[in-house]
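Chain by chain, the residues:
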Amino acid sequence: MPLDRTPHALATAVFLASAALVAPAQGQGHDLAIELVEVTARAEPAGGNTLLSETPITRPTHDAGELLRSVTGMTALRRGGRGFDPIIRGQSQSNLNVIANGAYSYGACPGRMDPPSTYVGVDSFDSVSVIKGHRSVIYGAGGSGGTLIFEHLRPELGANGMTGSFTTGYTGNSDLSSVGGDFAVGNEKGYVRVFGAIRESDNYEDGNGDRVASAFESTSAGLVAGIDLQPNTYLEISHEQASEDDVWYAGNGMDAVFADSASTSAKWVQRSVGAIDTLELTAYLSDVDHLMDNYSVRNRSMMPNGAAAPSTSTTWGGRLLATITTEQAELRSGIDYRANDRSADLYMDMGKDGSYDMLVARMWPAAEQRQAGLFAEMDYRSSPDDTLRVGLRLDQFDSQVREATLSAGMMGSATPIRLYEQFYNTTETRSDDYGLSAVLGWDRRLDPAHSVSVNLSRSVRTPDSSEQWIARSANGAFWVGNPTLNAEIHQQLDLTLMHESGRLSWNASVFVDEVNDYIERYAEGSADLYRNIDATLFGSELDAALQISERWRARVGIAYTRGHGDNGDLAQIAPLETRLNLDYQHADWALGLEWVTAQRQNHFDPAVDVDAATPGFGVLHLYGHWNLTGQLLLEAGVENLFDKAYAYHVNAGNLDPFNPEAVRVNEPGRQGWVKLRYAF
Ligand SMILES: [Cu+2]
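Residues numbered from 1 in each chain as written. Predicted model: local features only at pLDDT ≥ 70, side-chain atom pairs only at ≥ 80, totals over all residues.

### Considerations on the overall build of the protein
Here is step 1 of the chain: Assigned secondary structure in the protein consists of 4 helices and 38 strands.
Here is step 2 of the chain: On C-alpha atoms alone, the protein measures out to a radius of gyration of 24 Å, which is about the 26 Å that the 2.2 N^0.38 rule sets for 680 residues.
Here is step 3 of the chain: Seen through its C-alpha atoms, the protein measures out along the principal axes to roughly 70 × 55 × 50 Å.
Here is step 4 of the chain: Looking at the protein as a whole, 51% of its 680 residues are labelled buried.
Here is step 5 of the chain: Taking contacts inside the protein between residues at least 6 apart in sequence as the whole, the part at least 24 apart equals 65%. (Helix = DSSP H or I, 4+ residues; strand = E, 2+ residues; numbered from the N terminus. Rg over C-alpha atoms; globule rule 2.2 N^0.38 Å. Buried ≥ 20, exposed ≤ 12 C-beta atoms within 10 Å, placed from the backbone. Contact = placed C-beta atoms within 7 Å.)

Have a look at this one:
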């Protein structure tokens, strides 16, 4: 099978991913991490028992959340052209750990316009991997649904000490244009890499020919520098900035005037410290500033008064990780810390002139969350065919609000603490908790073609700033967090069977997650509130790939998730979804066809989802690439070939001010795209 050796960042990830997964019995193998790669860099599995170690991306994606829709068992909620909110096996938001360059971040928008993945400069990352479920304790507290890891790898510099690429792309329908560059220079001791991208998009049309509010402007830039201070000491510093402007949202009541993020992280790696093989220290700081309103980007309210909500989120923390490797075992232990401060206010702006006239609500009244953890995890090869994983972590959580008693609203009476008292009969403004998480794993090679992976886990997910502290009272409607919420406790069992022989490879998983104190958002009269319930999530996934001949290859992915709790179906659960790909590969070019289907979803939660079943759909995408020269690559395709009007069930619904019916955000209608990459 030919492999395009395009010196593109994501291409290198293939080799690493395959190498790591060839032997699931070693190292990180139990994570069963799925690597996302550009389809142009598809590699033949290296033989042996492997999970389908790569998920090819078959269309240009401009948001990391959207990119993750390519993984079986994952989906992403669309609110417009930006801000795709990833969902893994029915879990999203605070149930997923999103780590970029070792840094966690939280968006600044109480309306989830900016999930943390939005600020990830998706083009620049060399490795994007997804761990489904809770399989390791080293990636921080929580993460019951999964972990998304974005990493920069050390660049492979050419003989002249340089490497780089320029990319430009265009997508019809939304008139989206993008340009990006990535350049690294250095020697064997160190390197500096800079990258940036600019994108601009108009609103797209759905399959009905209706405009969907989705326009945006986005620029991102970053720098990574790494140096071997000594033969065993490596230091890496990275900084990334992203700036979003005039972002239209079909799935929110406001649009974003701006959203700016800056994230800095440092990593220090020391090898051979006494008995410790590797000591790694990571520290980071992420800042997000956001402003949304209902009049600047477009005038969405006929009222003379506008509403505006500025908000900020600051996250910092770090991790010290020690790794000890012996012939039979690998022990990873350490400590980590994560802190997040968030504030959001809602103002009334008479005359819509940008000078705020009344503080209506302290939505996030200076909410502060702290987490400190201690963890240890060991992979132990008990026989040539068996590896066991045991992991334990203990966390301490603190959460409080500092502005709960400050006045807000008409006559200053809508203080957060008064809202907590009104709906939950509490005046708590602080809570703390301990949490014990554990992972128990077993990987066994059954025969040369089959292996099995079993994972049993317990994880603790504390309430986030909205669930616990949001305090919004406006126009007679309320949205109030519950200060007395307990943390969610997830108990999960996951079973994966893998097959790999000759032309056929497949893996099949079943999972069940018993959740105590699942945090449910519910509606009561004109109030949106939160409570703890008991819930169960379960489901199944299948991925298979068949090399039909030297040139033809077929792939299939099927995912199904159910979730129900004390009060019926859980919100935001995708129906049965399938993906079928047929790929034809020639020496210099390739063509592929992708057919995505979703069944009708009858299971929904009217308090969060649109209050109706979602129709099923089937859409066809066409994609291809052509290696014009060794350095120049052309990619092109047509999405939604038959111009169908469709929406994923999980796409946010919104009450358009001009339309009393809740609407689910439609995906784009037919759109052609082209992308050109020059690598040197
Ligand atoms: Cu917002």
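### What to know about the pairing of strand E4 (residues 85-88)
Here is step 1 of the chain: Side-chain alternation along E4 places Asp85 and Ile87 on one buried face and Pro86 and Ile88 on a second face that is also buried.
Here is step 2 of the chain: With 4 bridges joining them, strand E3 (residues 74-77) and E4 adopt antiparallel strand pairing. Looking across to E4, one finds that Thr75 is bridged to Ile87.
Here is step 3 of the chain: Pairing analysis gives 2 bridges linking E4 to strand E5 (residues 91-92), with the strands arranged antiparallel. Across the sheet, Ile88 pairs through a bridge with Gln91, a residue of E5.
Here is step 4 of the chain: If you look at the hairpin formed by E4 and E5, you'll find 2 residues sitting between the two strands, and Arg89 has a positive phi there, around 45°. (Pairing = 2+ DSSP bridges.)

### What about the sheet that holds strand E7 (residues 103-104)?
Here is step 1 of the chain: Spatially, 6 strands are ordered E2-E1-E8-E9-E6-E7 in an open sheet, and the strand pairing comes out mixed. The sheet is open, and its two borders are formed by strand E2 (54-57) and E7, each paired with just one other strand.
Here is step 2 of the chain: For strand E6 (residues 96-100) and E7, the ladder comprises 2 bridges, and the chain directions are antiparallel. Across the sheet, the residue bridging to Ala100 is Ala103, located in E7.

### Quick notes on helix H3 (residues 416-424)
Here is step 1 of the chain: All buried positions along H3 are accounted for by Pro416, Leu419 and Tyr420. One side of H3 carries all its buried residues, which in axial view fall inside an arc of 100°.
Here is step 2 of the chain: Downstream of H3 by a residue or two, Asn425 has a phi angle that is positive, lying close to 60°. (Arc of directions from axis to C-beta.)

### Details of the environment of Thr171
Here is step 1 of the chain: Take Thr171: it is sitting in strand E10 (residues 162-171).
Here is step 2 of the chain: Look at Thr171 and you get buried, because 23 C-beta atoms sit within 10 Å.
Here is step 3 of the chain: Residues Thr171 and Gly637, 466 residues apart in the sequence, show an inter-C-alpha distance of 9.4 Å.
Here is step 4 of the chain: Setting aside its immediate chain neighbours within four residues, Thr171 contacts Pro60, Leu176, Gln671 and Trp673.

### Some remarks on the sheet that holds E3
Here is step 1 of the chain: Strand order in the open sheet made by the 3 strands is E3-E4-E5, with antiparallel pairing throughout. Whereas interior strands pair on both sides, the edge strands pair on one side only; in this sheet they are E3 and E5.

### With respect to unusual backbone geometry
Here is step 1 of the chain: Within the chain, Leu32 stands out as a residue other than glycine whose phi angle is a positive 50°.
Here is step 2 of the chain: Positionally, Leu32 belongs in the loop between helix H1 (9-22) and strand E1 (34-38).
Here is step 3 of the chain: Assessed through the 26 C-beta atoms surrounding it within 10 Å, Leu32 is described here as buried.
Here is step 4 of the chain: Of note in this structure, Lys352 is not a glycine but carries a positive phi near 50°.
Here is step 5 of the chain: Overall, the presence of 18 C-beta atoms within 10 Å leaves Lys352 in the partly exposed class.

### Some thoughts on the pairing of strand E9 (residues 146-151)
Here is step 1 of the chain: Most of E9 is tucked away: 5 of the 6 residues are buried.
Here is step 2 of the chain: Pairing analysis gives 5 bridges linking E6 to E9, with the strands arranged parallel. Paired with Ile99 across the two strands is Ile149, which belongs to E9.
Here is step 3 of the chain: Across 6 bridges, strand E8 (residues 127-132) lies against E9 in antiparallel orientation. Bridge assignment links Val130 to a residue of E9, and that residue is Leu148.

### Some remarks on the nonpolar core
Here is step 1 of the chain: Core analysis: the biggest nonpolar cluster contains 99 residues, and Leu68, Ile99, Val130, Leu148, Phe150 and Met363 have the highest contact counts within it.
Here is step 2 of the chain: Looking at this core element by element, the count peaks at 6 residues for strand E21 (residues 358-383).
Here is step 3 of the chain: Once residues within four sequence positions are removed from consideration, Met363 is found in contact with Pro110, Ala309, Ala344, Asp345, Leu346, Ile470, Ala471 and Arg472. (Core = buried A, V, L, I, M, F, W, Y, C linked by C-beta atoms within 7 Å.)

### Remarks on the confidence of the model for the protein
Here is step 1 of the chain: Of all residues in the protein, 93% have pLDDT values of 70 or greater, and the mean over the chain is 91.
Here is step 2 of the chain: Mean pLDDT in the protein bottoms out at H1, which sits at 33, and peaks at strand E22 (residues 386-401), which reaches 98.
Here is step 3 of the chain: Contacts for the low-pLDDT stretch residues 1-28, under 50 throughout, to residues beyond four places or in other chains number 72 contacts.
Here is step 4 of the chain: Here residues 42-50 is a poorly scored stretch, pLDDT under 50, and it has 28 contacts once near neighbours within four places are set aside; other chains count. (pLDDT = per-residue confidence, 0-100.)

### Examining the environment of Gln572
Here is step 1 of the chain: By the element assignment, Gln572 lies in the loop between strand E31 (568-569) and strand E32 (577-585).
Here is step 2 of the chain: Excluding residues that lie within four positions of it along the chain, Gln572 makes contacts with Ile87, Gly90, Ser92, Val608, Asp609 and Val650.

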